Amino acid sequence: MKKAEKITFKIDEKTCYAWPGQSIVDAARDNGIYIPSLCHVEGLKPAGSCRICNVTVNGRNMTACTAPVGEGMVVENDTPELNELRKTIVEVLFVSGNHFCPSCEKSGNCELQAVAYRYQMMVPQFPYEFPVKGVDARPDLILHDRNRCIMCKRCVRGIEKDGKAVFSFEGRGGEHLQISMDIDLASQLSEEEAFEAMEICPVGAILKKERGFAIPIGERKFDKAPIGSEIENSVEQD
Amino acid sequence: MKETIQNVIEKYNRDRNRLMDILIAIQNMHQHIPEDAVSIIADQLGISKVDVKQTITFYHFFTLTPVGEYAVYLNDSAVANIKGRAEVVQAFEDELGIPFNSVTTDGLIGIWDTADIGMNDQEPAALINGTVFTNLTSEKVKSLITGMRAGKDMLELMRVIDAELDGPELLSTMVKNNIRQKGAVLFSDAYEVGYALRQAINRTPVEVVDEVKRSNLRGRGGAGFPAGLKWDFCRQSRGEEVYVVCNADEGEPGTFKDRVILTELPKLLFEGMAIAGYAIGAKQGIVYLRYEYRYMLEYLESILQELRELNLLGKNIAGKAGFDFDIRIQLGAGAYVCGEETALIESMEGKRGEPRNRPPFPVQTGYLNKPTVVNNVETLCSVVQVITEGAEWFKSFGTSDSSGTKLLSISGDCKNPGIYAVEWGVTIQKLMRRTGANNVQAVQIGGPSGICIGPDQFDRGIAFEDLATGGSVIFISEERDLLKDFVLNFMNFFIEESCGSCGPCRSLNVILRNKLLKILDGNGVEQDIDELYKWAGVGRSVNRCGLGQTAANPILTTIENFRHLYEDLVQMNESFVSAFDMESAVAESCEVVGREPNLSR
Ligand SMILES: Cc1cc2nc3c(=O)[nH]c(=O)nc-3n(C[C@H](O)[C@H](O)[C@H](O)COP(=O)(O)O)c2cc1C
Ligand code: SF4
Ligand code: SF4
Ligand code: FES
């Protein structure tokens, strides 16, 4: 398709183009604009659960991963108010889990950590909750550490075995919700699938066993450049 | 067991969308969903066990362990608490020798907390195996326990504490309707079954939609969206298959008007649904009935049957060739958020009641991804009167922005709690006089998600353009501890009832509640009030659904209107209170190593 067949819209003054039906987050990325996202993975049904991708359209906030671009839409993204909200959201995620980054295998590859750096979180404004959460290490190849889980549902949506969900929500509400693994299915994951499960998790909540610090700290994905810069430095696509 | 569970699954055609019904049946049979049943369901529906469990664990009335042959669910709403719940709890615990939220060792009786059950005008109240017991006292609890130990059935149990039960045979209940004021639109004596429907089918569907549009009837479930416009949007979706859904989830604490409509005027409601069905071209209507109202199920089914016999439901309704419409009732299983229309649809599809991301809206993609109109019970009833009497007549009531009348569920500290059909615009002062509410410190309007106002605002009126409400009005008298008895209770309610999807809804409300507790414990400073207020403002602009957007309203509106109550509690001259208790911090480790805490103070 040519530009003419695309929808034209704006993000913070910049004219952008999108395929009909494309979400704001995906379209922004194609236009070299980073909108932070945690629960979103291109190709999976959007969950709209982390809320970090909130943008403002016509004075109303909406999640850019769930909202499709509309012709002529004017999207506010990089504003002081939204960036403050995003920082708040990240802080809430940090204090409501137990994130001890220096001892985490995912440090440097972790999207939560990376977004926190990008929004310059120093010390959260909220008190730490230090919730008591467990680790499920029953399957042979993976473990699930609930202390680090941000309940983004990427594993729930993305990891299946024989067409069945391996991960699911359990419980509800502010104090009982958690991710559970189907132990039968999780135990049958192949090496490759186990690796995929670890990769789909934005944080260090799903880890592949017997594999640690293969890439040293300092040389990991977000150690060299902030999250989003790969999008911002990309050439605008046609 | 295997066979009975198999039969249940067969009864619902191994349809994953009917998982709620399957689970309800099994929970009733076994007082829980046994692990074996989970395996069988997973196997038969071709999904994983955690997938089955994620639905089970979402709903308060589904459990993985037995809840007791007699499962007592005692309402824990704020109003239940000010009406003597503590005494009832004590009586249960003393008589049974177990703490709340557990089961007797013989498995006979379980006692559980539950969120508002829609009985605020007759608290303390409890559900026992789905039957409602109202106005409980410690004496009545003793009689009930004796009855349960003697193996009495529900009817006998009710008679133990209330000799004269209300209602028709299929609805023998202790629940009183307390209709204190009738109105022109609802509870008028003029209603004649089937009249409006016959009027409607003599006009085109578009004419019916236009009449409803002209009446300015706005949704009575809380959000106030114009009903006619919603129907019009649904028509514009041009679905082959479309649905009418009646939202009878009524979960907002303090609201109970839909319960009274369902009891007194079920035909009015079903007729309203049929009119909606005619207007948007639906063949199927579904009532999503909250589990707390299960005691009405048989009765409502019998009314549906009666209407079928009158040819007001079924095929070629009222002689109109090709107009087929029928209604089924879908039970919920205990989740406030399922009142949110998209969560309700998810629930009707047998899933966790997690609100959907919008767009698309239900009128485009609703139940089974088909265009769906979701309307509140009272909205659908009002439609009948709009069609009978005309839009102009309807508009002659109320204010310019809020036409017609509204049913209010009034409870709390007043002499005559119950149902009041009022014209929109009525002031709080007027309501206080009518209901006999004295020494009122505050009024909570619209339930916990609404607002809390003080006497300086009692001249304001109930209307969409002023004090909007889905129907709940709670009077709070001067002797109550507003922050502890109400604000804290409301925050705990939202924490429990959040679906948990959105990060800020799931976790920020816990942070807010803990900050509130810090203040209530006397460990707050002035900065805590300001932080509380600032943090409470976040949810509105980031969360997905109305629950997360309004969950901090109890804090926001009381800081706005009752800041002095917070200031009385905090240490105004301090800038920091550590609130750190060394003794309790080391208690656990001391116990492990078997030492006394050695704290030189
Ligand atoms: C958390 C939450 C709970 C709700 N509960 C109810 C309810 O119990 N009954 C109801 O009719 N509407 C409820 N609503 C509003 C519905 O989402 C929806 O707006 C309404 O059913 C539409 O019907 P109406 O336009 O006739 O009011 C709730 C909304 C939210 C956000
Ligand atoms: S385990 Fe990882 S992918 Fe799954 S919900 Fe938690 S953080 Fe998200
Ligand atoms: S706002 Fe709260 S209740 Fe609503 S979808 Fe989000 S987490 Fe669920
Ligand atoms: S990325 Fe959009 S809500 Fe998480």
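This structure is a prediction, so every number in the text was calculated from the model and none was measured.

Here is what the cut-offs are and how they apply
- Residues numbered from 1 in each chain as written.
- Chains lettered and ligands numbered in written order.
- Predicted model: local features only at pLDDT ≥ 70, side-chain atom pairs only at ≥ 80, totals over all residues.
- Heavy atoms only, no water.
- Helix = DSSP H or I, 4+ residues; strand = E, 2+ residues; numbered from the N terminus.
- Rg over C-alpha atoms; globule rule 2.2 N^0.38 Å.
- Buried < 20%, exposed > 50% of the residue type's maximum accessible area, 1.4 Å probe, protein only.
- Contact = heavy atoms within 4.5 Å.
- Areas by Shrake-Rupley, 256 points an atom, 1.4 Å probe, with all protein chains shown as cover.
- Lys, Arg positive; Asp, Glu negative; His and termini not counted.
- Charge placed at Lys NZ, Arg CZ, Asp CG, Glu CD.
- Expected span 1.5 Å × (residues − 1).
- Axes fitted to C-alpha atoms, helices over the stretch in contact; angles between N-to-C directions.
- Parallel < 35°, antiparallel > 145°, perpendicular 65-115°, else oblique.
- Nonpolar A, V, L, I, M, F, W, Y, C, P; charged D, E, K, R; others polar.
- Arc of directions from axis to C-beta.
- Near = heavy atom within 4 Å.
- 1 Å grid on protein atoms, 1.4 Å probe; cavity = no way out; pocket = protein on both sides within 12 Å on 5 of 7 lines; lining within 4 Å.
- Points joined across faces, edges and corners; volume = space filled by probe spheres on them.
- Domains from an automatic or database assignment.
- Buried area = accessible area lost by both parts, 1.4 Å probe.
- Salt bridge = Lys/Arg side-chain N within 4 Å of Asp/Glu carboxyl O.
- Polar contact = N/O pair within 3.5 Å; in protein donor to acceptor, adjacent residues only side chain to side chain.
- Core = buried A, V, L, I, M, F, W, Y, C linked by side-chain atoms within 4.5 Å.
- Pairing = 2+ DSSP bridges.

Caption draft 1: Quick peek at the overall build of chain B. The helix and strand inventory of chain B stands at 26 helices and 15 strands. Against the 2.2 N^0.38 benchmark of 25 Å for 601 residues, chain B shows a C-alpha radius of gyration of 25 Å, consistent with a compact globule. Expressed as a percentage of its 601 residues, the buried residues of chain B come to 60%. For chain B, restricting intrachain contacts to residue pairs at least 6 apart in sequence, the fraction spanning at least 24 positions comes to 70%. Of the roughly 22,700 Å² of accessible surface on chain B, a fraction of 46% belongs to carbon and sulfur atoms. Across chain B, the mean location of the 60 positive side-chain charges is 5 Å away from that of the 82 negative side-chain charges.

Caption draft 2: Structural context of helix H20 (residues 503-520) of chain B. Between its first and last C-alpha atoms H20(B) spans 26 Å; for 18 residues at 1.5 Å apiece the expected length is 26 Å, and the two agree. Of the residues trailing H20(B), B:Gly522 is marked for its positive phi of about 85 degrees.

Caption draft 3: Representation of the packing of helix H12 (residues 257-264) of chain B against helix H16 (residues 377-389) of chain B. All names here are of chain B. At a minimum axis separation of 9 Å, H12 and H16 run at an interaxial angle of 50 degrees. By the angle between their axes, H12 is oblique relative to H16. Where H12 approaches H16, its residues Lys257, Asp258 and Ile261 are matched on the opposing element by Val377, Glu378 and Cys381. When the residues that make up the contact of H12 with H16 are grouped by side-chain class, the tally is 3 nonpolar, no polar and 3 charged.

Caption draft 4: Seen up close, helix H21 (residues 526-536) of chain B. Residue and element names in this part refer to chain B. Looking only at H21, the buried set comprises Asp528, Ile529, Leu532, Trp535 and Ala536. Axial view of H21: buried residues confined to an arc of 140 degrees, hence all on one face. Lining the buried residues of H21 we find H20, helix H22 (538-542), helix H24 (553-561) and helix H25 (563-569).

Caption draft 5: Region of the structure containing the site of ligand 3. For ligand 3, the set of nearby residues contains 13 residues, the closest of which are B:Cys499, B:Cys502, B:Cys505, B:Cys545 and B:Gly548. For the shell around ligand 3, the residue count by class is 7 nonpolar, 5 polar and 1 charged.

Caption draft 6: Region of the structure containing empty space enclosed by the protein. Residues and elements named next belong to chain B. Tallied over the entire structure, the rule returns 8 cavities of 30 Å³ or more. Estimates place the volume of the largest cavity at around 120 Å³. Forming the walls of the largest cavity are 16 residues, and the residues nearest its centre are Arg290, Glu292, Gly334, Ala335 and Tyr336. Looking at the lining of the largest cavity residue by residue, the class counts come to 6 nonpolar, 5 polar and 5 charged. Shared between two domains, the lining of the largest cavity takes at least three residues from each, and those domains are domain 2 (70-171) and domain 3 (180-395).

Caption draft 7: Summary view of the domain arrangement of chain A. Residue and element names in this part refer to chain A. According to the domain assignment, chain A consists of domain 1 (3-77) and domain 2 (86-211). The distance between the C-alpha centroids of domain 1 and domain 2 comes to 25 Å. On the side of domain 2, 17 residues touch domain 1, which itself brings 20 residues to the contact. Together, Leu38, Leu44 and Ile52 form the three largest contributors to the area buried by domain 1 at its contact with domain 2, with a combined 44%. For the pair domain 1 and domain 2, the interface holds 0 salt bridges. Along the contact surface separating domain 1 from domain 2 lie 6 residue pairs in polar contact (both at pLDDT 80 or more).

Caption draft 8: Local environment of the environment of B:Gln236. Residues and elements named next belong to chain B. Position of Gln236 among the secondary structure elements: in helix H11 (residues 227-236). Residue classification places Gln236 among the exposed residues on the basis of a relative accessible area of 51%. When the C-alpha atoms of Gln236 and Pro554 are compared, they prove to be 39 Å apart, with 318 residues separating the residues in sequence.

Caption draft 9: Local environment of the nonpolar core. If you look at the biggest cluster of nonpolar residues, it comprises 124 residues, and the most contacted ones within it are B:Trp231, B:Phe270, B:Met273 and B:Phe325. When sequence neighbours within four positions are dropped, the list of residues in contact with B:Trp231 reads B:Val208, B:Val209, B:Val212, B:Ala276, B:Ala279, B:Ile280, B:Val373, B:Asn375, B:Leu380 and B:Val383.

Caption draft 10: The interface of chain A and chain B, seen in detail. Contacts between the two partners involve 44 residues from chain A, matched on the other side by 41 residues from chain B. Summed over both sides, the interface of chain A with chain B buries roughly 3,300 Å², with 51% coming from carbon and sulfur. For A:Asp184, the salt bridge identified is with B:Lys49, shortest N-O distance 3.4 Å. Summed over the shared surface of chain A and chain B, the result is 28 residue pairs in polar contact (both at pLDDT 80 or more). Counting residues per element, the ones that place at least two in the side of chain A that touches chain B are strand S4 (60-63), helix H2 (80-95), strand S9 (164-165), strand S10 (167-170), helix H5 (173-176), strand S11 (178-181) and helix H6 (183-187) of chain A. Tallying contributions element by element places H2(A) first for the side of chain A that touches chain B, with 6 residues. For the side of chain A that touches chain B, the residue count by class is 20 nonpolar, 15 polar and 9 charged.

Caption draft 11: Main features of the sheet that holds strand S14 (residues 451-453) of chain B. All names here are of chain B. Taking strand neighbours across the sheet as the criterion, the 6 strands line up as S6-S12-S11-S15-S13-S14 in an open arrangement whose pairing is mixed. Each edge of the sheet is formed by a strand with only one pairing partner; in this case those strands are strand S6 (179-181) and S14. Between one strand and the next, the sheet's axes are offset by a mean angle of 25 degrees, whatever the strand orientation. The sheet contact formed by strand S11 (residues 405-412) and strand S15 (residues 472-477) spans 4 bridges and is parallel. Note on S15: the bridge partner recorded for Gly412 is Phe475. Running over the sheet, H12 touches S6, S11 and strand S12 (418-423) and is turned about 115 degrees from S11.

Caption draft 12: Summary view of the environment of A:Gly228. Residues and elements named next belong to chain A. Within the secondary structure, Gly228 is located in the loop between helix H8 (221-224) and helix H9 (229-232). Spatially, the C-alpha atom of Gly228 lies 13 Å from that of Asp78, the residues being 150 residues apart in sequence. Every residue in contact with Gly228, bar those within four places of it in the chain, is listed here: Tyr34 and Arg118.

Caption draft 13: Inspection of the sheet that holds strand S7 (residues 243-248) of chain B at higher detail. Residue and element names in this part refer to chain B. In spatial order, the strands read S9-S8-S7-S10; together these 4 strands make up an open sheet with parallel pairing. Edge positions in the sheet fall to strand S9 (326-331) and strand S10 (372-376), since each of these pairs with one other strand and no more. Averaged over all neighbouring strand pairs, the angle between strand axes comes to 25 degrees, with direction disregarded. Sheet analysis places strand S8 (residues 284-289) next to S9, joined by 6 bridges and oriented parallel. Paired with Gln284 across the bridge in S9 is Asp326.

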